[in-house]
Amino acid sequence: MSTHNSEAVAVPRHVAIVMDGNGRWARRRFLPRVVGHEQGMQTLLRVLDDFAARGVEYLTVFAFSSENWKRPEEEVSGIMGLVLTGVSRYLRKLAAEGVRIRVIGDHSALSPKLRAAWDEAERSTVANTRIHLSVAFNYGGRWDIVQACRRALADGLVPEQIDEAALAARMALSFAPDPDLFIRTGGEMRVSNFLLWQTAYAELYFSDCLWPDFGGAEVEAALAAYACRERRFGGVREDESVPQGA
Ligand code: FPP
């Protein structure tokens, strides 16, 4: 599902974020990296509310990539532990605030305990509609395209039936419109195998701010930058289009 028109839309319906810079934030304070991730989780809880208040309907965040298993064991288990404590500490509050949580990614590699925590987060927020928070966990954009192809084949589709709509319906974010705004914090300008398929026409916004320092002012700056963009989805600029009947 995507909004393919060239109207200026002031507020993005769907924002995707690569929450980068937790490690550097911690290092600058001589703290373990996992403390940076813990701060990063607090930041997410804060800005989720800022985005919801501004009318953003979908927020999708990259919490753990398919490649993050290569990090030191202590950091990987630290992030897994954060999910478990995060779910037990904050799920009730998020549920009461109208947040619908979904987890996207390859769950097969996660521990049964972690899967149970994510299942609980999804189940207990299933009726919520204020903002849809999708947490990409053990997710990769290439993995997503591959799993959509596999599902299409498992559904019995023949090559002639495999088109963009058939794959889009089987991608991990098939329930959401494509992201309008892609934000990456931490100063790097890379997509890093996040939502490769879904961000085909997203507006890109890069911030030098480290994720734990991202706050209301940065949310405003990102939304203001987005509001100034002219989206064309492969078409021509509004002022260059040929008038009807000309
Ligand atoms: C990138 O920063 C961040 C991550 C790989 C993990 C993001 C995780 C969280 C914000 C916490 C967990 C959140 C949830 C919802 C479970 P980096 O470590 O690459 O930072 P660096 O580039 O400064 O080293």
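The rules behind the values
Throughout, a residue's number is its position along its own chain's written sequence, starting from 1. This being a predicted model, a pLDDT of at least 70 is required before a residue's local features are given, and a value of 80 or more before pairs of side-chain atoms are given or counted; all residues contribute to the totals for chains, interfaces and linings. As a convention, hydrogens and water are excluded, and side-chain values are obtained from all of the structure's heavy atoms. Type-normalised accessible area, obtained with a 1.4 Å probe on protein chains alone, sets the label of each residue: buried when under 20%, exposed when over 50%, and partly exposed for intermediate values. Helix and strand definitions follow DSSP, with helices as H or I runs of at least four residues and strands as E runs of at least two, each counted in order from the N terminus. Whether two strands pair comes down to DSSP finding at least two bridges between them. A helix's residues, less one, multiplied by 1.5 Å, set its expected span. The directions from the helix axis to the C-beta atoms form the arc being described. Should any heavy atoms of two residues lie within 4.5 Å, those residues are counted as being in contact. Put plainly, a pocket is an open set of points on a 1 Å grid over the protein atoms alone with protein on both sides within 12 Å along at least five of seven lines, a cavity is a set where a 1.4 Å probe fits but cannot get out, and a lining residue has an atom within 4 Å of a point. Grid points are joined across faces, edges and corners, and a volume is the space filled by probe spheres set on the points. Asp, Glu, Lys and Arg are counted as charged, while Ala, Val, Leu, Ile, Met, Phe, Trp, Tyr, Cys and Pro are counted as nonpolar; the rest, among them Gly, fall into the polar class. Axis angles are defined between N-to-C directions and span 0 to 180 degrees, where every axis is a line fitted to C-alpha atoms and, for a helix, only to the segment in contact. Aromatic contacts are taken between Phe, Tyr and Trp rings whose centres are within 6.5 Å, Trp giving its six-membered ring; a plane angle under 30 degrees counts as stacked, one over 60 as edge-to-face, and the others as tilted. In our convention, an over-ring charge means Lys NZ or Arg CZ found within 6 Å of a ring centre and within 35 degrees of that ring's normal.

(A) Main features of the pairing of strand E3 (residues 99-104). Most of E3 sits out of view: 6 of its 6 residues are buried. Because side chains alternate across E3, one face comprises the buried residues Val99, Ile101 and Val103, and the other comprises Arg100, Arg102 and Ile104, equally buried. Alignment of E3 against strand E4 (residues 131-139), held across 6 bridges, turns out to be parallel. By the bridge assignment, Ile104 is partnered in E4 with Ala136.

(B) Broad picture of helix H5 (residues 141-154). The end-to-end C-alpha distance of H5, which contains 14 residues, comes to 20 Å, matching closely the 20 Å that a straight helix rising 1.5 Å per residue would cover. Listed in full, the buried residues belonging to H5 are Gly141, Asp144, Gln147, Ala148 and Ala152. Within H5, the buried residues cover an arc of 140° as seen down the axis, which keeps them to one side. Opposite the buried face of H5, at more than 90 degrees from it, the exposed residues are Arg142, Arg150, Leu153 and Ala154. Buried-residue contacts for H5 involve E4 and helix H6 (164-168). At the exit of H5 stands Gly156, carrying a positive phi of roughly 85°.

(C) Quick look at the layout of surface pockets. Volume-wise, the largest pocket comes out at about 920 Å³. Met19, Asn22, Phe62, Ala63 and Phe64 are, among the 41 residues lining the largest pocket, the residues nearest its centre. Breaking the lining of the largest pocket down by element, the ones donating at least two residues are helix H1 (22-27), helix H2 (33-53), strand E2 (58-65), helix H3 (73-96), helix H4 (112-123) and E4. Per-element accounting of the lining of the largest pocket gives the leading share, 8 residues, to H3. Among the residues making up the lining of the largest pocket, the classes are represented as 23 nonpolar, 9 polar and 9 charged.

(D) Here's a closer look at the sheet that holds E2. Within the open sheet, the 6 strands sit side by side as E3-E4-E2-E1-E5-E6. Their pairing is parallel. The open sheet terminates on both sides in strands that have one partner only, identified here as E3 and strand E6 (203-206). Looking at each pair of strands side by side, their axes are set apart by 20° on average, direction ignored. Here E2 pairs with E4 via 7 bridges, running parallel.

(E) Seen up close, the packing of aromatic side chains. Following the criterion strictly, the structure yields 10 aromatic pairs and no others. Judged by centre distance (6.1 Å) and plane angle (80°), the ring pair of Phe62 and Tyr139 falls under edge-to-face. Of the two residues, Phe62 is situated in strand E2 and Tyr139 in strand E4; the sequence distance between them amounts to 77 residues. Residues Trp211 and Phe214 carry aromatic rings whose centres are separated by 5.3 Å and whose planes lie at 25° to one another, so their mutual orientation is stacked. Trp211 sits in the buried class, given a relative accessible area of 0%. Relative accessible area serves as the criterion here: at 0%, Phe214 is assigned to the buried category. In this structure, Arg102 is placed above the aromatic ring of Phe175, and the distance from its NZ or CZ to the ring centre is 3.8 Å.

(F) Up close: unusual backbone geometry. The phi dihedral of Ser192 falls on the positive side, at around 50°, and the residue is not glycine. Relative to the assigned elements, Ser192 resides in the loop between strand E5 (181-184) and E6. Take Ser192: its relative accessible area is 33%, and that puts it in the partly exposed class. Positive phi, close to 60°, is recorded for Asn193, a residue that is not glycine. Checked against the element boundaries, Asn193 lands in the loop between E5 and E6.

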